[in-house]
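Residue-level structure breakdown
Take a look at the letters that make up each chain.
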Amino acid sequence: MGVYVVTGSASGMGQAVTLRLRADGHTVVGVDLAGAEVDADLSTSEGRSAAIGLLLEKVDGPLDGAVMAAGMGPKRGRERMLVEVNVLGVTDLLEALRPKLAAAAKAKVVVFGSNSTTSTPFVPRMAIKRLVDGDAEGATRILKRRGSLSGPASYAASKIAVARWVRRICVTPEWAGEGIRMNVIAPGPVMTPLLAGQLKSSTASQVKSFPVPIREYGTPEQLAEWVMTMLSPAADFMVGTVVTVDGGTEALLRPDDWPARLPLRLLPRMGWSMYRAPKRGQVADYSDT
Ligand code: NAI
């Protein structure tokens, strides 16, 4: 049986994942504002440091996986808090947990993104860039300029940044090279306290008009099932994938945006091997691993 860290373990999808893991006999160290093994506020650097200290204490051996589900929904006026929880609450904790993940055999990390990443207009690129670089203050300054759109823009920017961070580092020697499989799950609207709160807020009409072709909301249990697969040996060959589970919104809005063409500037990363006869020893052979 394995040992897992789950953030946002006290509610919604994080709680559903925690229950599934425990039902299968795994040990879960949950992190949340209250009611978890580690109670901490991930919206401040002090809170994140406290969470990291307690996690490193409670997980005394290798860590088989981490599920980063703690998050805040869009709300104008709470942009700074939102980007800190949704981005730094993931990246700071994962950086600190990396050695423990590397110590496990084939550890898995699942980060909660969102399909708002591909369905929200007017998300400022500079804010995303700042967030990927860990600059919450600079990003917030830019996001606040969006006025009434700052809530949805901050949320989408936070989720784009975290997905980009994952895709950039998951392939590096420190992560994939150490056997850690890191991926993102991008849900559409799922009926949790977060969505229920939005449906009661002043933005309810916007939330209700969000197109979901399958004409129903997802459930936390359905998403937990996908996370369980992404934590299982089925995901041993899965790195850097964004798994969208959204009732069809993404396909409805952007049917032809996938696959994106490989830009010419990236060809050197492939060693040009597709375009010349490979030299001896140039083609990696993993058949013995
Ligand atoms: P939820 O509100 O039910 O659960 C989120 C958990 O994060 C809560 O237990 C909350 O206390 C915790 N959290 C929030 N701020 C925190 C902080 N400062 N410190 C520590 N913990 C904190 O939400 P839900 O819906 O289960 O969301 C899980 C993840 O999925 C979030 O990252 C969310 O952004 C994402 N998501 C949710 C969607 C939905 O429709 N419910 C859609 C797409 C993504």
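This text follows the structure it describes.
As a starting point, this report considers the structure included with it. (Residues numbered from 1 in each chain as written. Predicted model: local features only at pLDDT ≥ 70, side-chain atom pairs only at ≥ 80, totals over all residues. Heavy atoms only, no water.)

On to the sheet that holds strand E6 (residues 181-187), then. Read across the open sheet, the seven strands follow the order E3-E2-E1-E4-E5-E6-E7; overall the sheet is parallel. Two strands close off the open sheet at either side, each with one partner strand: strand E3 (38-39) and strand E7 (242-245). Relative to the sheet, helix H9 (residues 220-231) contacts strand E1 (3-7), strand E4 (65-68), strand E5 (108-112), E6 and E7, its axis offset from that of E6 by approximately 165°. (Pairing = 2+ DSSP bridges. Helix = DSSP H or I, 4+ residues; strand = E, 2+ residues; numbered from the N terminus. Contact = heavy atoms within 4.5 Å. Axes fitted to C-alpha atoms, helices over the stretch in contact; angles between N-to-C directions.)

The next point concerns helix H3 (residues 79-102). A rise of 1.5 Å per residue sets the reference length of H3, with its 24 residues, at 34 Å; its end C-alpha atoms lie 33 Å apart and thus fit the reference within 8%. When the local axis directions of H3 are compared, the greatest deviation, roughly 45°, occurs at Ala96, which is followed within four positions by the proline Pro99. Of all 24 residues in H3, 18 are buried; the element is thus mostly enclosed. (Expected span 1.5 Å × (residues − 1). Bend = angle between axes of the 7 residues up to and from the residue. Buried < 20%, exposed > 50% of the residue type's maximum accessible area, 1.4 Å probe, protein only.)

Quick look at the nonpolar core now. Core analysis: the biggest nonpolar cluster contains 34 residues, and Val5, Leu55, Leu94, Leu101, Val111, Trp175 and Met182 have the highest contact counts within it. Those elements that place two or more of their residues in this core are strand E2 (27-32), helix H2 (45-58), E4, H3, E5, helix H6 (150-169) and E6. Beyond its immediate chain neighbours, meaning those up to four positions away, Leu55 contacts Val5, Val29, Val31, Val38, Leu93 and Leu97. With 23 residues, the next largest nonpolar core counts Ala69, Phe112, Ala224 and Met238 among its residues. (Core = buried A, V, L, I, M, F, W, Y, C linked by side-chain atoms within 4.5 Å.)

What follows is about the site of the ligand. Taken together, 27 residues form the shell around the ligand, and within it Ser11, Met13, Asp32, Tyr155 and Thr192 come nearest. Side-chain polar atom of Ser11 to an oxygen atom of the ligand: 2.6 Å apart, as the coordinates give it. Here an oxygen atom of the ligand and a side-chain polar atom of Asp32 are 2.5 Å apart. For the shell around the ligand, the residue count by class is 15 nonpolar, nine polar and three charged. (Near = heavy atom within 4 Å. Polar contact = N/O pair within 3.5 Å; in protein donor to acceptor, adjacent residues only side chain to side chain. Nonpolar A, V, L, I, M, F, W, Y, C, P; charged D, E, K, R; others polar.)

Attention shifts here to the packing of H3 against helix H5 (residues 136-144). Between H3 and H5, the least distance of the axes is 9 Å, while the angle of their chain directions is 130°. Classified by the interaxial angle, the pair formed by H3 and H5 is oblique. Like other packed secondary-structure pairs, H3 and H5 cross with a definite hand, here right-handed. Taking contact as the criterion, the partners of Glu79, Arg80, Val83, Glu84 and Leu88 in H3 are, on H5, Ala136, Glu137, Thr140, Leu143 and Lys144. Grouping the constituent residues of the contact of H3 with H5 by class yields four nonpolar, one polar and five charged. (Parallel < 35°, antiparallel > 145°, perpendicular 65-115°, else oblique. Left-handed = near helix turned anticlockwise from the far one by under 90°.)

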